[in-house]
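Letter by letter, the chains look like this.
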Amino acid sequence: MNDKTVLVIPCSGMGKVHGLIGREATYMAVEDLTSDRADTICLAMLVKGEPAAVTAVREHTCITLDGCPKECARKNVEMSGGEVAKAIRIVDAFRNHRGAQPGTATTLAEDGWVIAREIAENVEEEIHMIYKDKEDLQ
Amino acid sequence: MSSETVKVGIISCSGEEIPGGSISRLATRRVLELLRPNNTVTICLPLFLAGNEAEQDFARTHPTITVDGCDKRCAKWGTEQYSGPVNAALVVEDVIGADRLSKCHRSARNMNADDEEAVRVLAERIAEEVDAILAMENGAAIENDSPKEGVCSCSSPIPASVLTIDGERVEIPGLMLIFEQCMKNGVPLSEKGSEELLRTVRVYHPIDREKEHAYRKALMNAYREYYRSHQFVPLSSVK
């Protein structure tokens, strides 16, 4: 794990489009918007209890993206001893997109990409705030 | 256990950090949706830790295949630790090869024909494992939606449709299921809709970049026919 400050961790839920939206929003955030400040990590590694993954979430501020109310990403990070600075629920993003046709758990339609982009921008804002808070403390 | 009740569980690691995780996720979805839709189920791997007892019982109540994106084998380990022993454990690189995997991407925004081929190869391998498990489970028969309409390369019938693209007959497995889903999602009969059709079909079927235009046109023609036969609205009123 590099020294980027924030880890963005989606649930990647298999059964619904929300899991895929969280996954793609994460890639947009860490590859396009905040590549110098954030990264992602496999949630499955936390489930396994892989020492590198556990250490990573304990040493970095985390943002979780969950596709369903079970909030697997948030819970797994917290159970591993990590700090979740912001827990985003994909379903909340749909409030501004009533009637949207986001696609499926396999592939996103145009509405799905729009929602993913909005979530990624939300993540970007959170990351900037986390950085600002850290700078203010120094 | 009767053939109607046997459902093989497929658990993908879906590792976000690596392309192998994306390939494992998409191949699993392909098996669930297209190759063995009547004989397979899935559950999110992280749910084993975050979920309740019923969810953690998954591998005890289903014969299970794990699909891992790397040799850490988190799906296999997590499933066995929290749920029960698995019947088969696949690792993406072992199935598709290191060279092919090195050309794959983790985001759908960047995926191309290499990713599509990797998904296809892995999905067919998973389907083979499903068949082997079903054969062992009291010789359970494989249920198929339409056994007469085409045969995939693993010799198991799946619904397919034939389109003529650039003068060539091309068989596309699961096209009607894709159209059904697109129609449900409101994919329009327009240029924008043809983009979405192409993107969706590409998940399951390799499409060369230079043939994209021909595919888009043929897919939209077929989708228009499908749309017309499945909705009672004058075609001229559909935008």
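Structure report, in brief. As the structure is a computational prediction, the values presented were derived from the model and not from experiment. (Residues numbered from 1 in each chain as written. Chains lettered and ligands numbered in written order. Predicted model: local features only at pLDDT ≥ 70, side-chain atom pairs only at ≥ 80, totals over all residues. Heavy atoms only, no water.)

This next bit is on the interface of chain B and chain A. Counting residues at the interface gives 41 residues for chain B, matched by 42 residues for chain A. The junction of chain B with chain A conceals about 3,600 Å² of combined surface from both sides, 57% of it contributed by carbon and sulfur atoms. Looking only at chain B, the three residues that lose the most surface to chain A are Glu16(B), Arg25(B) and Arg109(B), adding up to 22% of its buried area. Taken together, chain B and chain A are joined by five salt bridges. Of the charged contacts, one joins Lys72(B) and Glu50(A) as a salt bridge, the two residues approaching to 3.7 Å between their closest N and O atoms. Counting across the chain B and chain A interface gives 22 residue pairs in polar contact (both at pLDDT 80 or more). Within the residue set of the side of chain B that touches chain A, elements represented by two or more residues are helix H1 (19-35), helix H2 (47-50), helix H5 (74-82), helix H9 (175-184) and helix H10 (191-204) of chain B. The element contributing the most residues to the side of chain B that touches chain A is H1(B), with seven residues. Its residues placed into classes, the side of chain B that touches chain A shows 15 nonpolar, 13 polar and 13 charged. (Contact = heavy atoms within 4.5 Å. Buried area = accessible area lost by both parts, 1.4 Å probe. Salt bridge = Lys/Arg side-chain N within 4 Å of Asp/Glu carboxyl O. Polar contact = N/O pair within 3.5 Å; in protein donor to acceptor, adjacent residues only side chain to side chain. Helix = DSSP H or I, 4+ residues; strand = E, 2+ residues; numbered from the N terminus. Nonpolar A, V, L, I, M, F, W, Y, C, P; charged D, E, K, R; others polar.)

All names here are of chain B. Here H10 contains 14 residues, and its C-alpha end-to-end distance of 21 Å stays within 8% of the 20 Å for a straight helix at 1.5 Å per residue. Within H10, 10 of the 14 residues are buried, which leaves the element mostly enclosed by the surrounding structure. Listed in full, the buried residues belonging to H10 are Gly 193, Ser 194, Glu 196, Leu 197, Leu 198, Thr 200, Val 201, Arg 202, Val 203 and Tyr 204. (Expected span 1.5 Å × (residues − 1). Buried < 20%, exposed > 50% of the residue type's maximum accessible area, 1.4 Å probe, protein only.)

Read these as geometric descriptors, not functional statements.
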